[in-house]
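Reading the structure
Letter by letter, the chains look like this.
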Amino acid sequence: MEIRVLRYFLEVARTGNITHAAERLHITQPTLSRQLKDLETELGKKLFVRSSFSVRLTDEGLLLRKRAEDICEMVDKTAAEFKALDEITGGDIHIGCAESDGIKHLARQIKALQARHPGVRVHLYSGDTADLAQRLEQGLLDFAVIAQPVDLSKYNYLELPGADIWGVVMRKDSPLAQKASISIEDLQDKPLITSRQGLREDIPKLFGEKVDKLNIIVTLNLVYNGSVFVREGLGYALTFDKLVDTSEQSYLCFRPLTPTLKTKLYIIWKKYQLFSPPSELLRKSMCASFGNQASTDSNSETVSPGQSLIPPNSTI
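Structural notes, computed from the coordinates. (Residues numbered from 1 in each chain as written. Predicted model: local features only at pLDDT ≥ 70, side-chain atom pairs only at ≥ 80, totals over all residues. Heavy atoms only, no water.)

**Thoughts on the nonpolar core**
- Judged by nonpolar contacts, the single largest core of 42 residues is most densely connected at Ile95, Phe143, Val145 and Leu187.
- In terms of nonpolar packing, the next biggest core, distinct from the first, is built from 20 residues, Tyr8, Phe9, Leu10 and Leu39 among them. (Core = buried A, V, L, I, M, F, W, Y, C linked by side-chain atoms within 4.5 Å. Buried < 20%, exposed > 50% of the residue type's maximum accessible area, 1.4 Å probe, protein only.)

**Let's talk about the pattern of salt bridges**
- Throughout the structure, instances matching the rule amount to 17 salt bridges.
- Two residues, Glu11 and Arg14, come together in a salt bridge whose shortest N-O distance is 3.6 Å. Placement of both Glu11 and Arg14 in helix 1 (residues 3-15) is noted, with a separation of three residues, approximately one turn of the helix.
- Linking Arg135 and Glu73 is a salt bridge whose minimum nitrogen-to-oxygen distance equals 3.0 Å. Placement of the pair is Arg135 in helix 6 (residues 129-137) and Glu73 in helix 4 (residues 59-84), with a sequence separation of 62 residues.
- The class of Glu73 is partly exposed, set by a relative accessible area of 30%.
- Salt bridges here are not isolated pairs; linked through shared partners, they connect Glu11, Arg14 and Arg24. (Salt bridge = Lys/Arg side-chain N within 4 Å of Asp/Glu carboxyl O. Helix = DSSP H or I, 4+ residues; strand = E, 2+ residues; numbered from the N terminus.)

**Things to note about helix 10 (residues 223-231)**
- Of the positions making up helix 10, those classed as buried are Val223, Gly226, Ser227 and Val230. In an axial view of helix 10, the angular spread of the buried residues amounts to 105 degrees, which keeps them on one side of the axis.
- Looking at the buried positions of helix 10, the neighbouring elements they touch are strand 7 (164-171), strand 8 (191-195), strand 9 (215-220), strand 10 (236-240) and strand 11 (252-256). (Arc of directions from axis to C-beta. Contact = heavy atoms within 4.5 Å.)

**Considering the environment of Gly291**
- Tracing the backbone through its elements, the reader meets Gly291 in the segment after helix 11 (277-290).
- In this structure, the C-alpha to C-alpha distance between Gly291 and Leu160, residues 131 residues apart in sequence, is 9.4 Å.

**Notes on the packing of helix 1 against helix 2 (residues 18-25)**
- With their axes 8 Å apart at the nearest point, helix 1 and helix 2 run at an angle of 130 degrees to one another. Classified by the angle between their axes, helix 1 and helix 2 sit oblique to one another. The handedness of the crossing between helix 1 and helix 2 is right-handed. Here helix 1 contributes Tyr8, Glu11, Val12 and Thr15 to the contact with helix 2, which in turn contributes Ile18, Ala21, Arg24 and Leu25. (Axes fitted to C-alpha atoms, helices over the stretch in contact; angles between N-to-C directions. Parallel < 35°, antiparallel > 145°, perpendicular 65-115°, else oblique. Left-handed = near helix turned anticlockwise from the far one by under 90°.)

Shape descriptors only; they carry no functional weight alone.
In structure tokens, the structure reads:
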């Protein structure tokens, strides 16, 4: 299976038309059709359902599309890393990020790095801990910024300053907006919107067994969409502070939970990872700024397998 053919396959999948894909790839339509047929023969599966003017992916085609996107992304990332070996003036850094105001600490590190090396480009990918850890394992990310512990027998990490405060985003005309903080009892009968990760990991720490009695009407992974639902009157969003516009001009406001619920933020990377020059510069800069707080390289003290990343007293 050649990378070139996978790129051909992806272009056809994107356009839904072999003729248009051939034009974009600057090859003839018969050549492209033959390459796709050979790919189907190699895999032993039909990848497209063909009609007179278009093609659509079969279930097997959809699976290959996901795999081909990851493979081509990894190939491009590897090529860029080798190109950067000869010149530190440029290069790419791939970072996966949880949603958090704490990302500002990473942003400051990147700003300082780009001031010294303007050719360095940073590519951000948003997701929850499981998604980011998977992409880190696949080599698609250099670093991941997470808000939950993972298996740290595989990773080095840095703890970012501060912590995210959990609370409720609601319309300013909500009766609960008159309260300074929101208790468990306040939310028992309210329609709630929250992240899937928060529902699994954080919220049970505060609500305990009462979490099963909460009326969760929407789960999500990006809180902006949830804030739109709140604005339209669907419910109340359980989320971190400072992720949603709650300014004077906004229809929304934020009230912290009581008792207080906090979540720490961590930067992780694979142990014994070989970084590209730009990524190594960023790692060293972050270690210099945050390295006194956690495990920073393969030669320093690391967390034992199975040991939790978050200290027992850091969440509530």
